[in-house]
Amino acid sequence: MSARPKLDGATVEVIRHYLNSTAEQMRRTLVRTAFNPVIYEVLDFGISVYDRHRRLISESSGILSFLGANDFAIHKGVEKVGIENLHPGDVVIINVPYWSGAHAADAMLFTPVFGEGSDLPDAYLAVRAHWMDLGAKDPGYVLDSTSVHQEGLILPAVKLIKRGVVDPQIMAILRYNSRMPETIIGDFNAQISAMRVGERRLRQIWDKFGLADVDAAIDMIISHGAETAREAVRAMPDGQWSAHDWLDDDGVSHDLIRMAVTVTIEGDKFTVDYGDSDPGVPGPVNIPFGSTLSQAKNVFKSLTTPETPANHGHYQPLEVICPPGNLFHAVYPAATYTLWSTMVSFELINKALAQGMDHIAASSGSDEPGFMAVGTHPDNGEMYSVSNNEGIGWGGTPEHDGSNALQHLSTTAVRNTSMEVLEHKSPIFHERLELRRDSGGAGKWRGGLGVCREVTWVAVGELLSMKKKTKTRPWALRGGHEPETTNTMIVWPDTDRAHRARMERFTMQPGEGFRNFSAGGGGWGDPLDRPIELVREDVLDEYVSVEKAEEVYGVRVEPDGTATPTAARLERQAS
Amino acid sequence: MTERKYRLAVDIGGTFVDAISYNEQSGEITVRKAPTTPAAPADGVITATQATEASLEEASVYTHGTTLGLNAILERKGAVTGIITNAGFRDIFEIARGDLPSGSKYDFQYRRPELLVKRRHTVGVPGRIDHRGKVVTDLDRQAVVEAGRLLSDRGVESVAVCFLHSYANTEHEEAAKSLLTSAFPDLSVSVSIDLVREYHEYERTSTAVADAYIRPILGKYLTDLEERLRARGFDGSFLIMRSAGGAMTSEIARVSPLLTVFSGPAGGIAGTISLGESTGRSSLISFDVGGTSLDACVIVDGAPTEVYEAEIEALPIRIPVFDIRTIGAGGGSIAWMDKGLLRVGPHSAGAVPGPICYGRGNTEPTVTDAALCLGYLAADEFLGGEMSLDREAAVRGVTEKLAEPLGMSTERAAASVFDVLLARTVGAIREITVERGLDPREFSLVAFGGAGPMLAPLLAREMELPEVVVPAAPAVFSAWGMLMSDLEYDVGQTVLTMLDDATLAQMQGVLAQLESEADGVLAAQSVPPENRVFMRHLDLRYNGQEHTLSVELEEADDQESVAAKFHQQHLERYGHKLNEEVQILTARVRGVGLLDKPSRHLGDQSSGIDQTASRVGERHAFDFATRERRVFPIYERSLLQPEVEIEGPAIIREPTSVTIVHSDQIAVPDRLGNLVVR
C-alpha cells in the first residue's frame, strides 16, 4: 500500500463530481456535433473515462452495452498499441470484434491523457459510437456473414491521429472503404471534439487538486463502489441457479440455439458462467467475450447499485466465465455482426435468480425487434440508411405491471425513431403504429404490451428485419402467463407471398411492406389474483379484451362497464 | 383621469407569492411576500398585491408569473384530456420514445409515471398527409365529429389534436379544430400546429396534450384573477409572463396557456437581461438558488439561448424556453454520509420540515444548517428577523452527522458541505457553457434567489469568473424581471430545404407571412405599430446533422452571408466547421411589442467617503480564501454608499438575503442599486 495520506471524504466527493461532469460534458459535445441520426436521434454511443490502470472512473451513455464493452476494449487497445507507444494527442481506433467487444461498425476511439511531466498516460478517454458504414459486404447491417472478413474494414488499434495530427493515409483508407464517407468523417470529428473537451477537463482537475490527490481520490471512489456492491451481494441469498433460453437461429441455418447461464452467489462473490451454452455457430450471432462481460455487468449493476453512476469498483464482486469458442466467447474468424443475440440472453441472469430471489421481474419481450431500411433516396439520389428500435412490453414485477412499449432493457437510453423522421429520410410510409391488445402476459401484475407497426415502401429499397426470438416465448413468473402472441414480422402481409421474417434482408417494391409485431412482457403471479378493478380498467382502456378478461382473469366486464367475478375467480378466492 | 404611476409584478413560487410595486414618479420599490395558497392560488396573489399598498386604480401594468400550469401537470390535477389523431396511430402518445430518464437507465423494473391521457380517451380518425404535405387520404370530417362525441360522452373536457406531418400541411388539424369547436362549444380544443410546427410526432403530440391538460384550469384561474383585480379598480394591462421571457396579454395566455409553464424562472432571466442592459454587461450567467433547486442560464450578447426541448417529468414540451440548467441543490438540500463520502442532495428537507435550524423536527443537516455553522446566517436575522433559527441544533446536527464520521471539526465539515455543493454547481455550469464552446471566465455571474448571493462569490472564485452582481432585492428578482418585460410572440415553421439564393428568396416570403401573423397578434394586444419590432431567424444545420444553430436574418443578407454566419457560429460553438451544404430547418419570427420600462436611478447624491455608516456589527465566520475562521464586519445593504469599496471579508445583509464576501474579494455598490463582488 502507498504511504500517501488518505484524503477526506469531502474532497473525494468534490473530485468525484468533477470526474462525472467530465463524461457528461463529453456526451453533450458529441450529441450536439454528431452527423448521424443513430447518434443524435437514437443515442447509440457510450463514453467512458479511465484512470492510468484502465479502471473505469466515470461514464455517460448512450447504450449501456457500449459502456461495459469499452472497459474490455481499452485494455486490449493499450495492449495492442503498446503503452510506451502512446503519446499526447494520439487517437486510436479499434474495431476488431474480439478485442473491442462489439461488431465492427461499433468502433471505439480512445485517447491517452498525460499529466504534467508524465511519460506514460495518466488517464484514457474512450468514445464508442455506431459508424454508419465501414465497407461491410452489404449496406446497412450484415445479417448472414460467416466470417469477420465480410463485416467491414478492420482497424486493429490503429492511430488515426498521431501527436495531434490526423493521419491522412488512414483517413483516406476509411473514406474509400465507406459507402457514406461524409457521415463517418463528420462523426469522427464529433468524437474527437468530445475527447478534446474531456482532455481539457481532466487537465483542469489535475491542476486544481494535483495528480497524487486525484489518484488517491480515485482509489477511494473505486473502493467505495466496491464496498457498496459487495454489501448488495451479501444481502442476496447464497446459492447456485441455472437458466436457459433460445435464440431462433444464426441467420444462416434454421436451428434453435441454446443460451444458458449458471449464477453462483457465495458471500460477496457473484459468478456468472455461460459455458453451458451452445458452441459458436457459422452465422453472425456469435458474441465476443467483451460483449458477454458487458451484458453481465449491466444486469449486475441493475441488481446491486442501479442509482449510482458506474465506476470500476461497482463490478468487483462480479466474475464472468466462458471458454473460448463458445457462443458467448467468439474467436477469430467467427462472424459477430448481429451480436444482438445478447439482447435475447440479457435477462438470463434474472431468470436464474428468480428461482432463489423474490424481487425479480418476469421477462420483457426480450428481443429488440426493430428494422432497417436502406437504399437510394428517390428525392435526392443519395444513399440512406435508417433504423428503428421497436418498443417491447416489459415483464410484470412483484409490485406493478410491466410498462408498455419501452426499449429493450439493454438500451434504456436509446429512443425509437420518429415516424416523421423515417418518412423524410427514406421512402417508407406508415399505415399503423399501435399497442397490441392482449399482447402482455396475463398475471396478477400484467406484462407490458408490445406494438404493431405497418409500413409500405413508396420507392424500391431494402428492408432488414432484426428478429432473433420468434419461435419461443418470453418467460413468466409465479403463476403468471407467458405472452400468448409473440414477436413476429410478416413481410408482404395479406398476399400469397406473406412471409414470416427472421433476421434477413428483402428487396421491397413500391406498394409492398411489412407488419411488425413486438412481444409483450411475461406476467407475474396468477391472473385470477389481479384486482377486479384493474382488470376492468384494462378492458376499458383496451389493453385486455373482454374475452381474455373473462377467460384468463375471471372477470366479466359488461358493455356498461360493470365487472363481476366468474366462477373460476370465486373458486380461486375460496381456496 | 386617474394618474397611473404604479407598475406591479406578482410571481407565485412554491412557498411564497412575491409582489413588487414600482412607483414611476418616486422611483420607490416596494417588495412584499405572502404565503402561497395552493387550494385557491388567486387568494395569495391578491393578498400579496394588497400588501404592497400600491393603489390598483393607479396601476398601469400588472404582470403575473404563475406556475399553476406546471403544478397541474406535476400533480396530475388538470382537465380530463383526450387525443384525436390519425386512424391507426392512437398510441403515439403512450408509446412515446421508449427511453428511460437518464437517472433510471439501470432500473429494469421501471414504472412509467401516470399518463396524462387514458387510452380510452384516444381516438384515431381517417385522413393522412405525407412528409411533403401532400394529402394522401382526405380527412373524414364525420369521423372527427363522432370522435368528439365519443370523447365528450366519456367525460373528456379537453382534446388535443395532432396528425402526422401536420407541420407540412395544417389543413387537417385546422379542419378538425373548427369542426370540434362548432360541434362541441364546451369542449376545450388544442391543436398541435398552433403550438409547434416542427417534425417529431410524439413531441408535437405531447406538447398539444400538455396544452389541453392545463387550458381549462388556467383559463378559469386567469379569468377569476383578472375579475378580482378589475373589481378592485385595476384597468391597466393585465400581462402574463412567458416561459421564454417577454409577456403576453391575458387574452393570449388563455389561448396559449402552455407558454406560461416555465414563467417563474423566466422572470429571473428577464431580470438578468435587463440588468445587463442597464449596466452595459452582455455576457452573463444567471444563478438562482432557492430552497430546493438551483437554476443557471447562460446569456451571450444580451440574449439567453433558447431551446425548444423543455421537459416536464420526461414529458417533452416543444415551446420556446430559456436553456436553463437545474440541479436539485439548494438551501434545503440534505448533507449525508455514504460509507465515508460526503454527499449533498438529492434529497431536500423542503420548506417543511425544513433545515434543522427551523426547529420543525428535521434532524438531517442541510446546506442552510451548514451556513449557520459557518457564520453566514445569524440566528436572529433570518427573513428580516421574522423567524429565529436554532443555531445550537444546527451545530449539533452537523457535528454528529457529518463532522464526527469525517473526522474533522464542525466548521470544516460545514465548509465541506459547501465544497461539495459547489463542485456539483461548477459541473452544471461547465456543462451548459462547454456544449456551446464558451469560456465561463468571460461571464459575470448574476446572483439571486434567497441563497444565490451567499454562494455566488464562492462559485466565482472556484470558476475564476471576474465578478458577481447581486441585484437589489435579490430574493424577489424574478418578479422584478417580470416588471421589466416587453410583450413577445414567437412563430415558426419547419421548411427543410437546402440554403441557396432561390430558397432564401422563398424564405423571405415565408418569413413575411410569419411576420404578418406575429404583427396581428401584437396588434390584438394593443401595441401601437411604432412599438412593434420583428426579428427573423433561420435555424440552420449542416446537411445530415440534427442539431441546428439559429442565425439572425437581416435585410441585406444573401446566401453567402447567411452561410458565413452559420459557419462562424458553428466554429465558435463546436470548434470546427465543415465543407458541407447548409440546410434550413425552420424559419422563425419573434415579434416584440416594446413597453415603456421603468428606469431605476438612485439619484445623484454624491458618494460617501467610506462605508462606516453602513457597518452595523461583526461576527466570526468562515473565510474560504484562507480556509479559516475570521472576523467578518457586517454591513446593512440599504445603508451602503454607492461606488465605495468594501474589502472582504464582509457580510452584507438585507432582509431576505445575505451576500458573503471572502477575504480575497471586494464588494462595490453601483449607482443602480446593484452590488458587485470581484
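Per chain, residues are indexed from 1 in the order of the written sequence. Think of it this way: whatever chain is written first is A, whatever ligand is written first is 1, and the rest follow in order. Local features are withheld for residues below a pLDDT of 70 in this predicted model, meaning they are given only at 70 or higher, and side-chain atom pairs are given and counted only at 80 or more; totals for whole chains, interfaces and linings count all residues.

## Quick word on the overall build of chain A
When its secondary structure is counted, chain A shows 14 helices and 22 strands. Labels follow a simple rule on C-beta atoms placed from the backbone: if 20 or more others lie within 10 Å of a residue's own, it is buried; if 12 or fewer, it is exposed; otherwise it is partly exposed. By the burial criterion, 63% of the 575 residues in chain A qualify as buried. If you take every contact in chain A between residues at least 6 apart in sequence, the share linking residues at least 24 apart comes to 74%. Strands here are runs of E lasting at least two residues and helices are runs of H or I lasting at least four, both read from the DSSP assignment and numbered beginning at the N terminus. We call two residues in contact whenever the C-beta atoms placed from their backbones are within 7 Å.

## Concerning the overall build of chain B
When its secondary structure is counted, chain B shows 15 helices and 35 strands. The proportion of buried residues among the 678 residues of chain B is 55%. For chain B, restricting intrachain contacts to residue pairs at least 6 apart in sequence, the fraction spanning at least 24 positions comes to 67%.

## A few points about the confidence of the model for chain B
Scored from 0 to 100, pLDDT records how confident the predictor is in each individual residue. Confidence in the prediction of chain B, expressed as mean pLDDT, is 89, and 96% of residues score 70 or more. Taken over the whole predicted complex, pTM reads 0.89, whereas the ipTM for its chain interfaces reads 0.93.

## Side note on the environment of Phe287(B)
Residue and element names in this part refer to chain B. Note on placement: Phe-287 falls in strand S13 (residues 284–289). Judged by the 29 C-beta atoms lying within 10 Å of it, Phe-287 is buried. As for Phe-287 and Thr-612, which are separated by 325 residues in sequence, their C-alpha atoms are 30 Å apart. Sequence-distant contacts of Phe-287, that is, excluding residues within four places in its chain, are made with Ala-296, Leu-445, Val-446, Ala-447, Gly-452, Ala-456 and Leu-459.

## Points about the pairing of strand S14 (residues 428–435) of chain A
Residue and element names in this part refer to chain A. Taking burial as the measure, the eight residues of S14 include six buried ones, the bulk of the element. Alignment of S14 against strand S15 (residues 451–457), held across seven bridges, turns out to be antiparallel. Bridging across to S15, Glu-434 finds its partner in Cys-452. In short, DSSP must find at least two bridges between two strands for them to pair.

## Notes on the sheet that holds strand S1 (residues 45–51) of chain A
A sheet is described by the order of its strands in space; here seven strands give the open sequence S2-S1-S5-S4-S3-S6-S7 (chain A), paired in antiparallel fashion. Each end of this open sheet is capped by a strand with a single partner; those strands are strand S2 (56–61) and strand S7 (165–166) of chain A.

## Some words on the domain arrangement of chain A
Residues and elements named next belong to chain A. Segmenting chain A into domains produces domain 1 (9–225), domain 2 (361–525) and domain 3 (527–575). Of note, the centres of domain 2 and domain 3, computed from C-alpha atoms alone, are 28 Å apart. Across the contact, ten residues belong to domain 2 and ten residues belong to domain 3. Think of it as three bins: nonpolar holds Ala, Val, Leu, Ile, Met, Phe, Trp, Tyr, Cys and Pro, charged holds Asp, Glu, Lys and Arg, and polar takes everything else, Gly as well. Of the residues assigned to the side of domain 2 that touches domain 3, the class counts are two nonpolar, five polar and three charged. Boundary definitions for the domains trace back to an automatic or database domain assignment.

## Quick word on the sheet that holds strand S5 (residues 81–86) of chain B
Whenever strands of a sheet pair, they do so through backbone hydrogen bonds, lying parallel or antiparallel. Residues and elements named next belong to chain B. Across the sheet, which stays open at both edges, the four strands sit in the order S6-S5-S9-S10 with parallel pairing between neighbours. At either margin of the open sheet sits one strand with a lone partner, and together these are strand S6 (122–125) and strand S10 (188–191). With strand direction ignored, the average angle separating the axes of adjacent strands in the sheet is 20 degrees. For S5 and strand S9 (residues 158–161), the ladder comprises four bridges, and the chain directions are parallel. By the bridge assignment, Ile-83 is partnered in S9 with Ala-160. For helices, the fitted axis covers only the stretch in contact; all axes are lines through C-alpha atoms, and the angles between them, taken along N-to-C directions, range from 0 to 180 degrees. In the packing of helix H5 (residues 171–183) onto the sheet, the strands contacted are S5, S9 and S10, and the crossing angle to S10 comes to about 175 degrees.

## What to know about the interface of chain A and chain B
Across the contact, 65 residues belong to chain A and 57 residues belong to chain B. Among the elements of the structure, helix H1 (9–33), helix H2 (37–40), helix H6 (181–209), helix H7 (211–234), helix H8 (289–304), helix H11 (419–425) and S14 of chain A are those that each provide at least two residues to the side of chain A that touches chain B. Looking at the side of chain A that touches chain B, the element that brings in the most residues is H1(A), giving 14 residues.

## Brief notes about the packing of helix H4 (residues 141–153) of chain B against H5(B)
Residue and element names in this part refer to chain B. Running from N to C, H4 and H5 cross one another at 50 degrees; their axes reach a closest spacing of 9 Å. Here H4 is positioned oblique relative to H5, judged by the angle of their axes. In this structure, the crossing between H4 and H5 has a hand that is right-handed. Across from Arg-141, Val-144, Val-145 and Gly-148 in H4, the residues of H5 making contact are Ala-175, Ala-176, Leu-179, Leu-180 and Ala-183. A per-class count over the contact of H4 with H5 returns seven nonpolar, one polar and one charged. Just so you know how the angles are binned, under 35 degrees is roughly parallel, over 145 roughly antiparallel, 65 to 115 roughly perpendicular, and the rest oblique. Handedness of a helix crossing follows the sense of rotation of the near helix relative to the far helix, less than a right angle counterclockwise being left-handed and clockwise being right-handed.

## Concerning the environment of Ala373(A)
Residues and elements named next belong to chain A. Looking at where Ala-373 falls in the secondary structure, it is placed in strand S12 (residues 371–376). For Ala-373, a count of 22 C-beta atoms within 10 Å puts it in the buried group. Sequence separation between Ala-373 and Ile-428 is 55 residues; the distance between their C-alpha atoms is 8.4 Å. Here Ala-373 is in contact with Val-386, Ser-426, Ile-428, Gly-461, Glu-462 and Leu-463, once residues within four sequence places are set aside.

## Brief notes about the nonpolar core
Grouped together as the largest cluster of nonpolar side chains are 390 residues, with contacts concentrated most on Ile94(A), Val127(A), Val209(B), Ala370(B), Val417(B) and Leu445(B). At 13 residues, the largest contribution of residues to this core is made by helix H6 (residues 201–231) of chain B. Every residue in contact with Val127(A), bar those within four places of it in the chain, is listed here: Met26(A), Leu30(A), Phe45(A), Ile47(A), Leu109(A), Gln191(A), Ala194(A) and Met195(A). The nonpolar core criterion groups buried Ala, Val, Leu, Ile, Met, Phe, Trp, Tyr and Cys residues into a set whenever they are joined through C-beta atoms within 7 Å.

## Description of helix H3 (residues 64–81) of chain A
All names here are of chain A. For H3, spanning 18 residues, the distance from its first C-alpha to its last is 26 Å, which sits close to the expected 26 Å at 1.5 Å a residue. Most pronounced at Asn-70, the bend in H3 amounts to some 30 degrees. Of all 18 residues that make up H3, 14 are buried, and the element is covered over most of its length. Gly-82 sits one or two residues past H3 and shows a positive phi near 90 degrees. To estimate how far a helix should extend, the number of its residues minus one is multiplied by 1.5 Å. One fitted axis covers the seven residues ending at a residue, a second covers the seven starting there, and the bend at that residue is the angle between these axes.

## Thoughts on unusual backbone geometry
The residue after Tyr332(A), namely Pro333(A), is reached through a cis peptide bond having omega 0 degrees. Within the secondary structure, Pro333(A) is located in the loop between strand S11 (318–321) and helix H9 (341–345). Look at the link from Gly345(B) to Pro346(B): it is a cis peptide, with omega at 0 degrees. Looking at where Pro346(B) falls in the secondary structure, it is placed in strand S22 (residues 341–348). One non-glycine residue, Asp301(B), lies in the positive phi region at around 50 degrees.

## A short note on the packing of H1(A) against H7(A)
Residue and element names in this part refer to chain A. Following both chains from N to C, one finds H1 and H7 inclined at 90 degrees, their axes separated by 9 Å at the closest point. Classified by the angle their axes make, H1 and H7 are roughly perpendicular. When H1 is examined against H7, the residues Thr-11, Val-12, Ile-15 and Arg-16 are found in contact with a partner set consisting of Val-214, Ala-217, Met-220 and Ile-221. Taken together, the residues of the contact of H1 with H7 break down into six nonpolar, one polar and one charged.

## Some remarks on the environment of Tyr542(B)
As for its position among the elements, Tyr542(B) is in strand S26 (residues 532–542). Exposure remark for Tyr542(B): the 23 C-beta atoms within 10 Å place this residue in the buried category.

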